[in-house]
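# Structural overview for review
The lines below spell out each chain.
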Amino acid sequence: MKFHQLQALVAVMRCGGIRAAARDLNLSQAAVTKSLRQLEDECGVALLLRRSRGVDLTPQGQRLHERARLITRQIELAQDDLRHSLGDEQGLVRVGLTPYLTLSALGQAFDWFRRRYPRVQVQLIEGLMTRVLPCLRNGTLDLAFVAADAGELNDHEFQFTHVCNTRQLIVAREGHPALLDPSARALAGYEWLYTAPFLAGEGSRQAAMFTAAGVPVPERVVVCETLAALTLLRSSDLLSIFPEGLLGRPESRGILAVPTTQLHPCEIEVAMLTPPDVPLTPAAAYFAHCLTDAVRQ
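Here's what I pulled together on the structure shown here. All of these numbers come straight from a predicted model, not from anything done at the bench. (Residues numbered from 1 in each chain as written. Predicted model: local features only at pLDDT ≥ 70, side-chain atom pairs only at ≥ 80, totals over all residues. Heavy atoms only, no water.)

This paragraph deals with the overall build of the protein chain. Helix and strand counts for the protein chain stand at 11 helices and 12 strands. Its C-alpha atoms give the protein chain principal-axis dimensions of about 70 × 45 × 35 Å. Within the span of the protein chain, comprising 297 residues, buried residues form 43% of the whole. For the protein chain, the proportion of contacts with a sequence separation of at least 24, taken over those separated by at least 6, is 73%. Counting only carbon and sulfur atoms, one obtains 51% of the accessible surface of the protein chain, whose full area is about 15,600 Å². In the protein chain, which carries 30 positive and 31 negative side-chain charges, the distance between the mean positions of the two groups comes to 8 Å. (Helix = DSSP H or I, 4+ residues; strand = E, 2+ residues; numbered from the N terminus. Buried < 20%, exposed > 50% of the residue type's maximum accessible area, 1.4 Å probe, protein only. Contact = heavy atoms within 4.5 Å. Areas by Shrake-Rupley, 256 points an atom, 1.4 Å probe, with all protein chains shown as cover. Lys, Arg positive; Asp, Glu negative; His and termini not counted. Charge placed at Lys NZ, Arg CZ, Asp CG, Glu CD.)

Rendered as structure tokens:
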């Protein structure tokens with residue numbers, strides 16, 4: 001197998017077809033098709049299923065594609081490292097971010113990073129652990145800052161670097177009736193909103209909060225993305241849990257902390273995850289440094 005063959009396979013699946021992959025790689029369609037045919041000949045199996053609207057992977061193609069993404073990304077990182085050592089500060093940094101940092105620390109961190117690396121491309125994926133972990137595993141992310149949950153991590157799968165702990169608060173819209181009656185029983189009667197999968201069973205951090213207060217776990221729950229959560233909280237009687245640092249920011253206007261003394265959300269730990277035994281490029285390491293400093297300030 002040759003690098004350009006694996007690169008063609010990855011590009012075809014990333015772009016959705018041979019024509020788009022050829023544009024992305026700045027090659028002719030014939031060159032990309034030839035690379036794919038040679039790769040299939042060397043493997044001795046079909047890797048792609050040609051369809052009228054693009055291509056799909058065969059089961060064998062899926063297995064090879066997973067490894068091809070890792071291989072091609074590592075070669076790209078090695079090339080970036082060499083360019084940086086020669087003073088050519090270009091390349092690509094791909095980072096996963098918990099929404100908490102997107103709304104709180106990203107702006108300052110990116111400003112610092114761009115002053116040092118004006119030509120390096122940056123790709124950001126906002127998401128929770130369930131979204132960024134697969135991307136770290138398959139090489140489509142270089143590093144990720146997450147709200148860590150030990151139950152979602154396998155021992156030693158990633159290098160884990162603690163960044164900070166942050167307190168969480170129960171929140172509601174301005175004028176919400178819960179602001180006048182913030183008892184645990186009253187709050188448990190409302191519909192709740194979470195930006196992570198809600199598990200009512202034993203071990204759930206949200207369920208434990210209600211159980212500790214001696215009230216039933218809410219039966220009505222909405223699960224959604226961060227942008228939808230902010231919109232719904234401002235326009236309905238939903239309650240939710242926010243990191244303290246989000247309140248008072250423009251994005252959370254109209255959302256207030258509920259002054260309850262009976263329900264106590266757990267703290268969240270923000271951590272940086274990187275693949276083990278894979279050094280970050282200087283640009284990626286500096287982005288991590290900037291984001292860490294912005295969080296801690």
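Another aspect to go through is the pairing of strand β10 (residues 240-243). The alternating pattern of β10 places Ser240 and Phe242 and Ile241 and Pro243 on opposite faces, both of which are buried. Bridge analysis of strand β7 (residues 168-173) against β10 gives 4 bridges, and the strand direction is antiparallel. Bridge pairing links Gln168 to Pro243 in β10. (Pairing = 2+ DSSP bridges.)

Attention now moves to the sheet that holds strand β12 (residues 268-274). One open sheet accounts for 5 strands, arranged β4-β3-β5-β12-β6; its pairing is mixed. Pairing within the sheet leaves two strands with one partner each, and these edge strands are β4 (121-126) and β6 (159-166). On average, each strand axis in the sheet is tilted by 20° relative to the strand beside it, whichever way the strands run. Bridging between β6 and β12 involves 7 bridges; their strand directions are antiparallel. Among the inter-strand pairings, Thr166 is bridged to a residue of β12, identified as Ile268. Packed on one face of the sheet, helix α6 (residues 106-116) meets β3 (92-97) and β4 and runs near 165° to β4. (Axes fitted to C-alpha atoms, helices over the stretch in contact; angles between N-to-C directions.)

What follows concerns the nonpolar core. Judged by nonpolar contacts, the single largest core of 36 residues is most densely connected at Val93, Phe113, Phe145 and Leu291. Of all the secondary-structure elements, those providing two or more residues to this core are β3, α5 (99-104), α6, β5 (143-148), β6, α10 (226-235), β12 and α11 (282-296). Take this core: its biggest share by element is 8 residues, from α11. Apart from the residues lying within four places of it in its own chain, the contact partners of Val93 are Phe113, Val120, Gln121, Val122, Gln123, Asp142, Ala283, Ala284 and Phe287. Membership of the second largest hydrophobic core comes to 18 residues, among which are Ala8, Leu36, Leu57 and Leu64. (Core = buried A, V, L, I, M, F, W, Y, C linked by side-chain atoms within 4.5 Å.)

Applying the stated criterion to the full structure yields 0 disulfides. With no disulfide of its own, Cys15 lies closest to Cys135 among cysteine sulfurs, the gap being 16 Å. Cys15 sits in the partly exposed class, given a relative accessible area of 29%. (Disulfide = S-S within 2.5 Å.)

A word on the sheet that holds β7. Spatial ordering of the open sheet is given by β10-β7-β11, a layout of 3 strands whose pairing is antiparallel. Every other strand in the sheet has two partners, leaving β10 and β11 (255-257) as the edge strands with one partner each. Neighbour-to-neighbour, the strand axes of the sheet open up by a mean angle of 50°, direction not taken into account. The sheet contact formed by β7 and β11 spans 3 bridges and is antiparallel. From the neighbouring strand, Ala172 faces β11, where its bridge partner is Leu256.

Here α11 spans 21 Å end to end across 15 residues, near enough to the 21 Å set by a 1.5 Å rise per residue. Those residues of α11 that sit buried are Ala283, Ala284, Phe287, Ala288, Cys290, Leu291, Thr292, Ala294 and Val295. (Expected span 1.5 Å × (residues − 1).)

By volume, the second largest pocket amounts to about 690 Å³. Those elements giving two or more residues to the lining of the second largest pocket turn out to be α1 (3-15), α2 (18-25), α4 (59-85), β3 and β4. In terms of residue count, α4 provides more of the lining of the second largest pocket than any other element does, 8 residues in total. Broken down by class, the residue content of the lining of the second largest pocket amounts to 8 nonpolar, 10 polar and 8 charged. (1 Å grid on protein atoms, 1.4 Å probe; cavity = no way out; pocket = protein on both sides within 12 Å on 5 of 7 lines; lining within 4 Å. Points joined across faces, edges and corners; volume = space filled by probe spheres on them. Nonpolar A, V, L, I, M, F, W, Y, C, P; charged D, E, K, R; others polar.)

For the rest of this paragraph, the subject is the pattern of salt bridges. As a working rule, side chains carrying opposite charge can pair if their charged atoms are close by. This model, assessed by the stated rule, comprises 7 salt bridges. Among the ionic pairs, Arg115 bridges to Asp111, the shortest N-O distance being 2.7 Å. On the criterion of helical spacing, the pair formed by Arg115 and Asp111 is a turn pair, its members being 4 residues apart in helix α6. Assessed through its relative accessible area of 64%, Arg115 is described here as exposed. The partner of Glu225 in a salt bridge is Arg131, and the shortest N-O contact between them spans 2.9 Å. Note that Glu225 is positioned in the loop between β9 (221-223) and α10 and Arg131 in helix α7 (residues 129-138), a separation of 94 residues in sequence. Assessed through its relative accessible area of 36%, Arg131 is described here as partly exposed. (Salt bridge = Lys/Arg side-chain N within 4 Å of Asp/Glu carboxyl O.)

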